[in-house]
Amino acid sequence: MKRPGRTIAEIVTVLVAAVVAFPLYWMVLAAVKPADEIVSTNPRPWTLRPTADNFVHALTVQNFGRYLLNSVLVAVLVVVAGLLLAFLAATALTRFRFRSRTTLLVMLLVVQMVPVEALTVPLFFLMKSVGDVAPAFGLNHLGSLVLVHLAFSLPFAIWMLRGFVAAVPVELEEAATLDGASRFRFLWQVLFPLVAPGLVATSVLSFIHAWNDFLFAKTFLISGSDIQTLPLALQAFVKPDQNDWGAIMAGSTLMTIPVLVFFVLVQRRLVSGLAGAVKG
Amino acid sequence: MAFAYLAPTLLVLAGLLGYPIYQLVLISLYDYNQEQVSGNAPLNFLGLGNYQKLLSDKQFWTVLAQTVGFAAVCVAGTLLVGTALAVLATRVRAVPRTLLFLAALGAWATPAVAGSTIWLFLFDANFGLVNEVLSGIGLHGMAGFSWTYGQWTAFGLVAAQVIWCSFPFVMVTLYAGIRAIPGEVVEAAALDGASTTRIARSVILPLLRPLLLVVTIQSIIWDFKIFTQIYVMTNGGGIAGRNLVLNVYAYQQAFAASEYGLGASIGVVTTVLLLAITVVYLRVLKRSGEVL
Amino acid sequence: MRVVRVLLAAAVGALALAGCAPVQSGSTSSAKDEKSGQLKVWLFDEVNRGPKEEVVKQAVSEFQAAHAGVTVDVQYIQVSTRAERFKAAFSDAKSAPDVAEFGNTDLAGYVAAGGFADLGQDVAAWSDGKDLSPRVTDTAKVDGKTYGVPWYVGIRALFYRTDVFAELGIAPPATLDDIAATARRIRAAKPDLLGISVGGKYTYGMLPFLWAQGGDLAAQQGGKFKSTVDSAEARAGIAKYTELLRDDSCPPAQCAGNGGDASVEAFRAGKAAMTIGGNFNRTAVDSSAAAGKYAIVPLPGKTAGSIAPAFAGGNLLGVTRSTDRRTLAVQFVELLGGKQYQQKMYQAMGNLPTFTDLQNTVAAEKPVEKPFIDTLNAGTRFVPVTPGWAKVDAQGVLPTMLQQVASGAQDVNTATAAAAQQMNSAFGS
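The rules behind each value
Residues numbered from 1 in each chain as written. Chains lettered and ligands numbered in written order. Predicted model: local features only at pLDDT ≥ 70, side-chain atom pairs only at ≥ 80, totals over all residues. Helix = DSSP H or I, 4+ residues; strand = E, 2+ residues; numbered from the N terminus. Buried ≥ 20, exposed ≤ 12 C-beta atoms within 10 Å, placed from the backbone. Contact = placed C-beta atoms within 7 Å. Nonpolar A, V, L, I, M, F, W, Y, C, P; charged D, E, K, R; others polar. pLDDT = per-residue confidence, 0-100. Pairing = 2+ DSSP bridges. Domains from an automatic or database assignment.

Residue and element names in this part refer to chain C. Its location among the elements puts Phe-355 in the loop between α15 (339-349) and α16 (356-365). Under the C-beta neighbour-count criterion, Phe-355 is labelled buried, with 22 such atoms within 10 Å. Counting along the chain gives 26 residues from Phe-355 to Arg-381, while the straight-line C-alpha distance between them is 17 Å. With residues up to four places along the chain from it excluded, the contact list for Phe-355 reads Asp-128, Asp-131, Leu-132, Ser-133, Lys-339 and Gln-342.

At the interface, 68 residues of chain A touch 74 residues of chain B. Breaking the side of chain A that touches chain B down by element, the ones donating at least two residues are α1 (3-32), α4 (64-95), α5 (101-113), α6 (120-133), α7 (142-167), α10 (196-212) and α13 (245-276) of chain A. Examining the composition of the side of chain A that touches chain B, we find that 15 residues originate from one element, α1(A), more than from any other. Residues belonging to the side of chain A that touches chain B are distributed by class as follows: 53 nonpolar, 12 polar and 3 charged.

Residues and elements named next belong to chain C. For chain C, per-residue confidence averages 90 on the pLDDT scale, and residues scoring 70 or more make up 95% of the total. Mean pLDDT values for the elements of chain C range from 51 in helix α1 (residues 2-17) up to 97 in strand β7 (residues 156-161). With pTM at 0.87, the complex prediction returns an ipTM value of 0.85.

As a further point, take the pairing of strand β13 (residues 313-319) of chain C. Residue and element names in this part refer to chain C. Here β13 lies mainly inside the structure; 7 of its 7 residues are buried. Here β13 shows a buried face lined by Gly-313, Asn-315, Leu-317 and Val-319 and a second buried face lined by Gly-314, Leu-316 and Gly-318. Two strands pair when backbone bridges link them, and strand β3 (residues 99-103) and β13 are joined in this way by 5 bridges, in the antiparallel orientation. Within β13, the residue paired with Val-99 across the bridge is Val-319. Sheet topology note: the strand β6 (residues 149-154)/β13 ladder contains 5 bridges and is antiparallel. Across the sheet, residue Tyr-152 finds its bridge partner in β13, namely Asn-315.

Residue and element names in this part refer to chain C. Partitioning chain C into domains gives domain 1 (32-147 + 313-380) and domain 2 (156-311 + 386-428). Every contact between the two is made by 17 residues of domain 1 and, on the other side, 18 residues of domain 2. For the side of domain 1 that touches domain 2, the secondary structure elements donating two or more residues are α4 (107-112) and α17 (370-377). Among the elements that line the side of domain 1 that touches domain 2, the one with the most residues is α17, at 4 residues. Class assignment for the residues of the side of domain 1 that touches domain 2 results in 7 nonpolar, 7 polar and 3 charged.

As structure tokens, this is what we get:
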């Protein structure tokens, strides 16, 4: 009885997957096509003359490796710091009842509503004065990017993690306390591992956020050629009208791959991770 | 104790978001251009002048209406596609499901600029595959058809791209949610003789509510503030600005023109609007028994 | 506990800044004039900047050899993010360069923001300075003060396909009015070709039409600019230009969204019989489908034999007001912007020099540059020199006006009236 229904469902699933993946295929294809085939009035969905030219072109952007490292550094620092802070905050917002709790939760939504573009000027001056005290976190240093991305990814991370913390039974905490575990130990040795799937899910979102940023990078990293990040470097190929399509596609592929690899590695955990949020 | 856990977060948010937002509101009350920013001209307090200028601009209202409509379509489309595929994913075996998830994660991971560029490229009037295929199957009028010229085709194309890159978040979240529903609950309902649609409506849906709340609010916030896709795909807001949405409008009228005071007032208006929409949404949920 | 310290610093910073008015940067102008140390230079990045970098390297070594204890640090910045870079530099002296290349249309805004130093006396005392083309020097002036040395100019002219014109037995248009007629004739005979490739966002392609009809963008009245795009002459020019954006020459569905680069791109792809292109586009066209099959003439004016006034685009070299090494910075500008290196830049990148004598040499030696030099000598025009122009530009007032007409949404009178109103509001504030 059930079989034919499932077969149809599976065929539909594979078709949908193909449609969704097609633009990505097209991106990779354009990246390996020779220049004259990219802009052609008779586009073909394959190429017989694959070339690495576009990747070579994208990779020979001065300091590409350095920019890649910078981007990874910023994203990883944001993810790690963000997880720690969001975990603590989410625990506080689930395990404790206090008067301003709802207000805080709503505030976490409100700060996400402000258009970031509107905040660049105040943030610029803020970073300028932070730089006077702690140069590594001021203008023209990657630390400034870590700070802003941390601030912008926290509200969402806290919302997500709240559900995961809530899913951990309170009895567990009581048992641990009875066993003589300190609150600190409970937090890091019991609760933290239990919400790990949620941390993974949240970290992916923070990672993408910091990884793809262009706005703050171009506002804060003004002077100095070795502190740029990847999106800034790829901008070299984007001209107002006349784009170097092949190099853009190769660059985009290079931008997407690290995130995709990260995704695939954590996929199982991601899905079970996001499941935790249900119980919020 | 709660405060100790919250302290670092509050410090970061107060310093890096609270203070700039406070500045934003202040700036919106001043004539604040590049001259003022770099200290080459005195500040000029305008009171509500920027707001007055904004609200009396006819184009602002057109753009606002377009933004609301466009965001509504994107949110509805994203939720619909995401939910449908999440349900579909629970009905199939591991291999097709993994394929679907891989494709979806790929779409999700693609940087917005890159995603927009690829879609634009696929739908290019002369070099695009879509027109090639359409004219190949007999629709000769589609050869050289410009998708980005007409207001509605352009909006439609961008909406499709937005849905493409944002449905994975909804799908993955809801799939996980459905998976987390204990099998016994559904089985019990089935034993009671409830139909599939009835199970979906009165058993699964209520359990998914908290998740739906999060994905809906997040989608509204993200889609209302859409920038990159419109900016890249309609070349900065379409022919004569007929594809402008609020954030692109703010960028062109205010930020690119260094009119930060006006830009800040648009930012404040956007925030207030989004807040209003969210509050209404929460009210509706509350009436049906939902609490934050 | 470094994190805690930083967070505290952020909090303290926030408190320190939190007055009851928006933050402003203090004055960034510097009183120092050091004669050694590092000179920071910003130049624009370009797609194939190799040859440019070579020339600049030569200049840097020459400069360093002549000035002991001085190093020159050149950074290439992207044109697309220049606005953020410069705005930031004007507000934070520590990030600012000493010398920078910038577009002449950005000048008025930068000067209003207090970014660049007045070089009037330096240029007057400079031996090469007297040969600078006065028309080009005007694009480096705001309110009579000179804020930069013109490094090169960009001039546009009419590109046309010699093979198509020969096949149809027609001559290049002799007057402005002929352009539309010629374009229609070509497209009627060859429906696959655009009669002329122009665009709704191609402001600098439109301006010669407006100027040739005797119109202008704005007029100065008592120190304030007032838009004149709604004058009868300007309207006539805009009507002439938008006449090209029709299905019978350049269909709006294809052309209305195009700017200058996209317009030239269609010509490069071999899909257009004419276009308005710059001397800076020549190399790209030479490596395209149109290579060897095209010629260039000055864009004709209202009467046969006349030349329509072209927009005098180009880049300047300036010295920032915040520099601690003004003398060195000026000397570097005079070296890199001087005759010797302008000539090298022409050979390397094809950038037209800004010295009258060099221009004439170039025109005599390279016939292909003659149409551009002729256009330059016939008299060029410029956009209104006011910070308001940067706003008009950013808000896309003129492209919107052209697109309204091209898409048939508004007639010329309505569109120009709306544009004039927006321009006045930008000039006024």
